[in-house]
Amino acid sequence: MRVLLAGGAGYIGAHTAVALIEAGHDVLVVDDLSNSSAQAIARVEQITGADVPLLIADVRDEEAVAAFVRTHAPVDAVINFAGLKAVGESVAEPVRYYDVNLGAAIVLLKVMKTEGIRTIVFSSSATVYGDPEHLPLSEESRTGIDLANPYGKTKRIIEEILRDAATADAQLQAVSLRYFNPVGAHESGLIGEDPTGTPNNLMPYVARVAVGSLDRVGIFGDDYDTPDGTGQRDYIHVVDLAAGHVAALEHAGPGYDVFNLGTGVPVSVLELIAAFERAAGRELPRQILPRRAGDVAASYCDPSKAQRDLGWTAARTIDDAARDSWNWQSRNPNGYAGD
Ligand code: NAD
Ligand code: UD1
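Nothing here was measured: the structure is a model prediction, and the numbers come from that model.

**Q** Explain the nonpolar core here, please?
**A** Nonpolar side chains in soluble globular proteins tend to end up buried together. Of all hydrophobic cores here, the largest spans 43 residues; its most connected members are Leu 5, Leu 20, Val 44, Ile 79 and Leu 177. Ignoring anything within four residues of it in the chain, the contact list for Leu 20 reads Val 3, Leu 5, His 25, Val 27, Ile 79, Val 246 and Leu 249. Formed by 32 residues, the second largest nonpolar core is a distinct cluster that contains Val 30, Ala 82, Val 107 and Leu 162.

**Q** Which parts of the structure should I look at to understand the site of ligand 1?
**A** In the vicinity of ligand 1 lie 26 residues, with Asp 31, Asn 35, Ser 36, Lys 85 and Tyr 151 positioned nearest. Taking Asp 31, its side chain carries an N or O atom lying 2.6 Å from an oxygen atom of ligand 1. One of the backbone N or O atoms of Asp 32 is found 3.2 Å from a nitrogen atom in ligand 1. Relative to its free-state accessible area of 820 Å², ligand 1 is covered by the protein chains to the extent of 95%. Partitioned by chemical class, the residues of the shell around ligand 1 number twelve nonpolar, nine polar and five charged.

**Q** Please explain the side chain of Gln 232 as it appears in this structure.
**A** Checked against the element boundaries, Gln 232 lands in strand 9 (residues 232-233). On the basis of relative accessibility, which here comes to 12%, the residue Gln 232 falls in the buried class. Excluding anything up to four places from it in sequence, Gln 232 contacts Thr 226, Pro 227, Pro 266, Val 267, Ser 268, Ala 297, Ala 298, Ser 299 and Tyr 300.

**Q** How do you make sense of the side chain of Gln 173 when you look at a structure like this?
**A** Position of Gln 173 among the secondary structure elements: in strand 6 (residues 173-179). Ignoring sequence-local partners within four residues, the contact set of Gln 173 consists of Arg 118, Thr 119, Ile 120, Ala 252, Gly 253, Pro 254 and Gly 255.

**Q** What's the story with empty space enclosed by the protein in this structure? I'm lost.
**A** Applying the stated rule across the entire model yields three cavities of 30 Å³ or more. In this structure, the largest cavity encloses a volume near 60 Å³. Forming the boundary of the largest cavity are Gly 184, Ala 185, Glu 193, Pro 204, Ala 207, Ser 325, Trp 328 and Gln 329. Of all the secondary structure elements, the ones that give two or more residues to the lining of the largest cavity are helix 7 (202-211) and helix 11 (318-331). Among the elements that make up the lining of the largest cavity, the one with the highest residue count is helix 11 (three residues). Across the lining of the largest cavity, the residue classes break down as four nonpolar, three polar and one charged.

Reading the values: the criteria
Residues numbered from 1 in each chain as written. Chains lettered and ligands numbered in written order. Predicted model: local features only at pLDDT ≥ 70, side-chain atom pairs only at ≥ 80, totals over all residues. Heavy atoms only, no water. Core = buried A, V, L, I, M, F, W, Y, C linked by side-chain atoms within 4.5 Å. Buried < 20%, exposed > 50% of the residue type's maximum accessible area, 1.4 Å probe, protein only. Contact = heavy atoms within 4.5 Å. Near = heavy atom within 4 Å. Polar contact = N/O pair within 3.5 Å; in protein donor to acceptor, adjacent residues only side chain to side chain. Areas by Shrake-Rupley, 256 points an atom, 1.4 Å probe, with all protein chains shown as cover. Nonpolar A, V, L, I, M, F, W, Y, C, P; charged D, E, K, R; others polar. Helix = DSSP H or I, 4+ residues; strand = E, 2+ residues; numbered from the N terminus. 1 Å grid on protein atoms, 1.4 Å probe; cavity = no way out; pocket = protein on both sides within 12 Å on 5 of 7 lines; lining within 4 Å. Points joined across faces, edges and corners; volume = space filled by probe spheres on them.

Here's what the structure looks like:
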């Protein structure tokens, strides 16, 4: 298969590029590099030995994307990673979030139509479940448009756009993958998560503390109704997540479908910090802070649908993710900017 990765220079896209190439597929990438570096694609080429064509463009530039696809025809499938993903920023700049995230998805569907591409896989998020009514979360769990932030709403709306598009076009194969909490890095240490500024997410924050560029880990609340009082999440190793995209593409059939991609194992903030301390071989300073607005106590999935229908399960543990994240962070203390 030849697969267009929109937003493929980003954290999850670069790991998925490696997984696809290693599974025998070809990839090409369109990315405006607004939250990534062309260096990530150079590193993908270094890991795999493959050539990865990169179009540096906004994916909403329909003509440019269509021309790129025609140059590399036949393209069989699209994975849509492209978009903005900072929850707090989406509250402050909702129109920009709707513009970029919905615009990217709609333009990709239009290009697929004109260029005869039938398969699309979309990066959705566990955030579409909002505050869970029951755990673990299955694909049938309640989702809403009454979500706390515009970022989550864009994910939910794009899911519905894909469902409608597949209803209207019997040949379309559309899959939403609801990622739980992606963490870790490729075991080579050549690609990994490289957030700009201070990380919002827990593991990259802990990694920066371990490497000495941040003072201490702030723990957002220790009074949740969880075994140790800190928030529980379903941390999925990004290499397992990448394999989930390969499985989704290889098993896609006509119509619309949705899958949770997670481990099913809840891990607390304290447990994640402990795993990172084992990986880095040192104690990490920490401080209990108030709860962060909008956080839920616990979120983890029932991954059995992906296991049954895609033959996919997460194989890696939180210790594997901490080891690989530490390997990436310690080899690249300044991320791709160090090159
Ligand atoms: P990322 O920011 O590293 O990757 C997104 C990529 O899209 C970046 O390379 C960015 O430059 C590119 N991009 C953004 N707007 C673009 C545009 N208009 N045109 C072309 N390229 C554009 O993020 P990621 O962590 O790899 O996430 C990938 C996708 O998965 C996103 O859609 C995100 O919302 C979703 N997701 C991520 C997480 C997570 O925790 N990382 C969790 C759930 C869902
Ligand atoms: C956050 C987003 C979610 C998004 C996901 C992936 C919010 C409210 N939610 O989810 O929409 O899909 O990232 O990008 O922003 N924590 C600390 N200290 C820190 C950072 C986090 O204690 O410095 C705690 C949090 O309270 C939470 C856990 O660590 O219990 C994980 O946090 P994070 O990595 O930000 O992910 P989510 O909150 O699950």
